[in-house]
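# Fold and geometry: a report
For reference, the chains in residue letters:
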Amino acid sequence: MQPRHVLITGASRGIGRGTALHLSRAGWSVHAAVRRHEDGVRLEQESEGRIQPIRLDVSDDESIELAHKSLEQAVGDAGLSGLVNNAGIGAVAPLEYVTREKLDEAFAVNFQGMVMTTRAMLPLIHRARGRIVNIGGGGAAYLGFPLMGALAATKYAVEAMTDALRVELRGAGIRVSLIEPGMTYSDRDKDRFLQESNAAFEAASARLPDEGRRRYAEPLEKMREFNASFLAKAVPAEFVARRIEHALTSSRPRSRYYCGSETWVGILISKLLPSRARDALWGHITGL
Ligand SMILES: NC(=O)c1ccc[n+]([C@@H]2O[C@H](COP(=O)([O-])OP(=O)(O)OC[C@H]3O[C@@H](n4cnc5c(N)ncnc54)[C@H](OP(=O)(O)O)[C@@H]3O)[C@@H](O)[C@H]2O)c1
């Protein structure tokens, strides 16, 4: 039997790392994309050599091309059976003060990075009639989280693009799914996860001019608390990894996977509550 090759972007930690370990245990030949050499070495060691690291910065076209070339050699005629577009970054800032640099960075990784990686890998995916799994933003996207509007915008873009891609590739037999994670952590990273989330809100506040801080420091602090409160309900990365595996292997992969109960609550709120009521809810949470 031909080996099933999968490429996972952003595999150094979090959902990407959890998925790499999960799929390698399930017998996949995993190509785990990382930006730093030491992250690749660690993954190789953790998986006892089953995971093959590959260097990839999704915001850099040259890096994507190099990754494509090395992957082409590695997979040969078998092609690529799965691409998991997971790499992503956050963006916390009131839109009134967001910089072009921040917007460019968020879109370069979360959106353009996903499209350009997919484009580059598609010849290999065609070869295997493989599948594509894009990681969306969960509630942050479809609820348009205030003070995280730039992040929400990149993930809305991912949703729209994934819907279009799914139809464009239907005829080629390439299935495309979107995963909507709820709050997710990996055991090893739980403390770091909270620290990074807190630091992102604190840094966003510190970057504001005096006038901005007067208006947004308190809402940012409330949003930080709201975000942190979800950590208690967070699901392990393994939970999302199993949804990703389903999307890669099931004879009937879903177009969308909602992970975790708060994701379902979020989707119901976004569909059923009128905008005015949603705004009031956010007002209650953030004081805005
Ligand atoms: N965790 C959640 O609660 C949650 C909820 C909703 C959606 N999501 C989405 O799920 C995905 C994974 O989230 P996570 O929490 O597991 O993230 P994470 O722990 O912050 O890890 C992000 C990964 O993306 C990589 N990355 C960042 N910039 C990159 C670039 N330019 N090129 C290639 N890789 C890059 C990071 O690599 P480095 O280590 O080199 O920085 C890291 O491996 C993201 O798309 C995120 O938006 C997560």
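Residues numbered from 1 in each chain as written. Predicted model: local features only at pLDDT ≥ 70, side-chain atom pairs only at ≥ 80, totals over all residues.

### Structural notes on helix α7 (residues 190-206)
Here α7 contains 17 residues, and its C-alpha end-to-end distance of 24 Å stays within 8% of the 24 Å for a straight helix at 1.5 Å per residue. For α7, the full list of buried residues reads Ala 200, Phe 201, Ala 204 and Ser 205. Projected down its long axis, α7 carries its buried residues within an arc of 135 degrees, all on one side. In α7, the exposed residues that point more than 90 degrees away from the buried face are Asp 191, Gln 195, Glu 196, Ala 203 and Ala 206. Contact partners of the buried residues in α7: α8 (210-229). (Helix = DSSP H or I, 4+ residues; strand = E, 2+ residues; numbered from the N terminus. Expected span 1.5 Å × (residues − 1). Buried ≥ 20, exposed ≤ 12 C-beta atoms within 10 Å, placed from the backbone. Arc of directions from axis to C-beta. Contact = placed C-beta atoms within 7 Å.)

### Quick look at the nonpolar core
In this structure, Ile 8, Ala 20, Ala 32, Ala 33 and Ile 179 are the most contacted members of the largest nonpolar core, which totals 67 residues. If sequence neighbours within four positions are ignored, Ala 33 has contacts with Leu 7, Ile 8, Thr 9, Gly 10, Ala 11, Ile 54, Leu 56 and Ala 67. (Core = buried A, V, L, I, M, F, W, Y, C linked by C-beta atoms within 7 Å.)

### Some remarks on the site of the ligand
Close to the ligand lie 26 residues, the nearest being Gly 10, Gly 14, Ile 15, Ala 87 and Gly 88. Every element with two or more residues in the shell around the ligand is listed here: α1 (14-25) and α4 (100-128). Among the elements that take part in the shell around the ligand, α1 stands out by supplying three residues, more than any other. Split into classes, the residues belonging to the shell around the ligand amount to 10 nonpolar, 12 polar and four charged. (Near = placed C-beta within 6 Å. Nonpolar A, V, L, I, M, F, W, Y, C, P; charged D, E, K, R; others polar.)

### Concerning the pairing of strand β3 (residues 52-55)
Summarising the sheet, strand β2 (residues 29-34) and β3 pair through four bridges and their orientation is parallel. The partner of Ala 33 across the bridge, within β3, is Ile 54. On the question of chirality, the crossover connecting β2 to the parallel β3 by way of helix α2 (residues 37-46) is right-handed. (Pairing = 2+ DSSP bridges. Right-handed = clockwise from strand over helix to strand, strands pointing away.)

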